[in-house]
Amino acid sequence: MEATIAGINVQVNEEGYLKDFSEWNEDIAKEISNQEEVGELTDRHWTVLKYLQDQHINDIALTIRKVGKSGVTDIKEFYALFPGGPLKKATKIAGIPKPVGCI
Amino acid sequence: MASHLVKKLPTKDWNLTIVDQSKDHYYQPGFLFLPFDTYTEKDVVKSIDGLIPKGVKYINKVVDKIEPTNNQILFQDEQKADYDILIVATGSRIAPEEIEGMKGSGWHKDVYDFYTFEGARNLRNFLRKWEGGKMVVHITEMPIKCPVAPLEFSFLADSYFKKKGIRNKVDITYVTPLSGAFTKPTSSKKLSYLLEEKDIKIVPDFNIMEVDNEGKKIVSYDQIEVDYDVLVTVPTNMGDDVILRSGMGDDLNFVATHKHTLQSKKHENVFVIGDATDVPASKAGSVAHFEAETLTDNILLYIAGKVLKEEFDGHSNCFIETGNNKAMLIDFNYNQEPVDGTFPIAGVGPLRLLKESVLNHWGKLAFRWVYWNMLLKGVPIPMVSRNMKLAGKNITSK
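Calculation notes
- Residues numbered from 1 in each chain as written.
- Chains lettered and ligands numbered in written order.
- Predicted model: local features only at pLDDT ≥ 70, side-chain atom pairs only at ≥ 80, totals over all residues.
- Pairing = 2+ DSSP bridges.
- Helix = DSSP H or I, 4+ residues; strand = E, 2+ residues; numbered from the N terminus.
- pLDDT = per-residue confidence, 0-100.
- Core = buried A, V, L, I, M, F, W, Y, C linked by C-beta atoms within 7 Å.
- Buried ≥ 20, exposed ≤ 12 C-beta atoms within 10 Å, placed from the backbone.
- Contact = placed C-beta atoms within 7 Å.
- Axes fitted to C-alpha atoms, helices over the stretch in contact; angles between N-to-C directions.
- Arc of directions from axis to C-beta.

## Let's talk about the sheet that holds strand β13 (residues 200-203) of chain B
Residue and element names in this part refer to chain B.
Reasoning step 1: Strand order in the open sheet formed by five strands is β10-β17-β11-β12-β13, and the pairing between neighbours is parallel. One side of each edge strand has no neighbouring strand; the edge strands of this open sheet are β10 (111-112) and β13.
Reasoning step 2: The sheet contact formed by β10 and strand β17 (residues 230-234) spans two bridges and is parallel. Within the sheet, the bridge partner assigned to Tyr112 lies in β17 and is Val232.

Here you go:
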């Protein structure tokens, strides 16, 4: 379905995740961040978001463990940056799919 | 793979060897039924000797290291073997030691896995005597082998305790690191009733930090606690340690593999199949079965010096036990989520996709015979092709 985020028309799924990462930009990230009650994105947020996007581009599945061991952040900080479901929220802000199971 | 290749490769030119550290071969899908006394030990294990195809050599040794740059395998007894082509099929294993306290004082006393023969059997012995309380079914982190198994376990537990007449004394809670028990749009819409109908509680977004054996609770990184009387956990799944010792894997010991050709991304004469790969398909037996068909063709192409087929589509086909002698069937691939429909004949079936039926349950039980007598022998399943078919699937939008 189509949605307007930060004044831009983008394709999203039922839960509001971008379907096409190439449509993502920083303004979209800021608006989703507010919707998800993560608030203002600091340099630390951007560093983690960039890391998640790089993993996605390289087709690497994301897990809390991987993020925790990435050297980019640790699990404690990851939770502090994106409280209440860090992977779910951070992937949405980063414009990439959230981790899913097979059903 | 050996069953496929022994029929295709001329014996005067090629020697085929299987290296397996175990003398037993397990029917791993059967581990789901062992705790509930549906299967016995005998149903899920056979000696490997009777399974080696004629004309194939079998070496029962532990591999210390693969040296892909030397085309060599080093065994723990310090002997060596050379290869021209290597197929890595080292699978995945549970690694409870990855989480603090998981393999602690409660391990196999009130903390169980059902992904090993021992775990499933010990859990069965525990459940035979258990009189009720809080059962927590828990997934540590993804990816895991057979991602629907913990959900199936919860459904079967509901039926098992009902049959025993103690369901009112058992509280079942499903704890997952994902955002729900169902994460794909169609499954979420069509299957969420199952949890409600069976009175299974769910705790989503739970990333476990530790198992508190004394306090009998699991604790997440954001300090959420879930109490248990018995914890049935799916620990972290990792590739075999030989992959770590050989420096061939990622942080979970899975081997970087081209997802459409199944060739190793680093070494052109190394191919990878099944749970050992890092491809974004389910870690499931059906996936390995479909991969084997593409991989056989690709190994023949590689030998002939031709371009490999970029053919494997992530096809997976799994029965999901929903309890009360019913099951569902799902058929999906890298791009297509599981949807409802008919299988294997479009519009006819007889099996129904993403819908409970008694016939699907019998299909699942019959699969044990299919596994031992067809799959291991490289016999294709009638009408089930290596690539997923869109026909018979109700696809409304992409």
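## Considering the confidence of the model for chain B
Reasoning step 1: Of the residues in chain B, 99% have a pLDDT of 70 or more, and the chain-wide mean is 95.
Reasoning step 2: Across the predicted assembly, pTM comes out at 0.93 and ipTM at 0.86.

## A short note on the nonpolar core
Reasoning step 1: The biggest cluster of nonpolar side chains holds 98 residues, and the ones touching the most others in it are Phe114, Val232, Ile273 and Ile330 of chain B.
Reasoning step 2: Among all residues touching Phe114 of chain B, those that are not within four sequence positions of it are Phe31, Leu32, Pro35, Gly119, Ala120, Leu123, Phe153 and Val232 of chain B.
Reasoning step 3: Counting 21 residues, the second-largest nonpolar core is a separate cluster that includes Ile28, Val67, Phe78 and Ala90 of chain A.

## Comments concerning the interface of chain A and chain B
Reasoning step 1: Between chain A and chain B, the residue contacts involve 18 residues of the former and 25 residues of the latter.
Reasoning step 2: Of all the secondary structure elements, the ones that give two or more residues to the side of chain A that touches chain B are α3 (64-68) and α4 (75-81) of chain A.
Reasoning step 3: With three residues, α3 of chain A is the largest single contributor of residues to the side of chain A that touches chain B.

## Remarks on the sheet that holds strand β5 (residues 63-67) of chain B
Two strands in a sheet stick together by hydrogen bonds in their backbones, pointing the same way (parallel) or opposite ways (antiparallel).
Residue and element names in this part refer to chain B.
Reasoning step 1: The antiparallel open sheet is built from three strands, whose spatial order is β5-β6-β7. This sheet does not close on itself; its edge strands, each paired only once, are β5 and β7 (80-82). Neighbouring strand axes in the sheet, compared pairwise and without regard to direction, differ in orientation by 20° on average.
Reasoning step 2: Two strands pair when backbone bridges link them, and strand β6 (residues 72-75) and β7 are joined in this way by three bridges, in the antiparallel orientation. Paired with Gln72 across the strands is Asp82, a residue of β7.

## Brief notes about helix α1 (residues 26-35) of chain A
Since the α-helix turns once every 3.6 residues, residues separated by three or four places project in the same direction.
All names here are of chain A.
Reasoning step 1: Along α1, the residues that are buried comprise Ile28, Ala29, Ile32 and Ser33. Down the axis of α1, the buried set is contained in an arc of 135°. They therefore lie on one face.
Reasoning step 2: Where α1 is buried, its residues meet β1 (2-5), β2 (8-11), α2 (43-57) and α5 (86-94).

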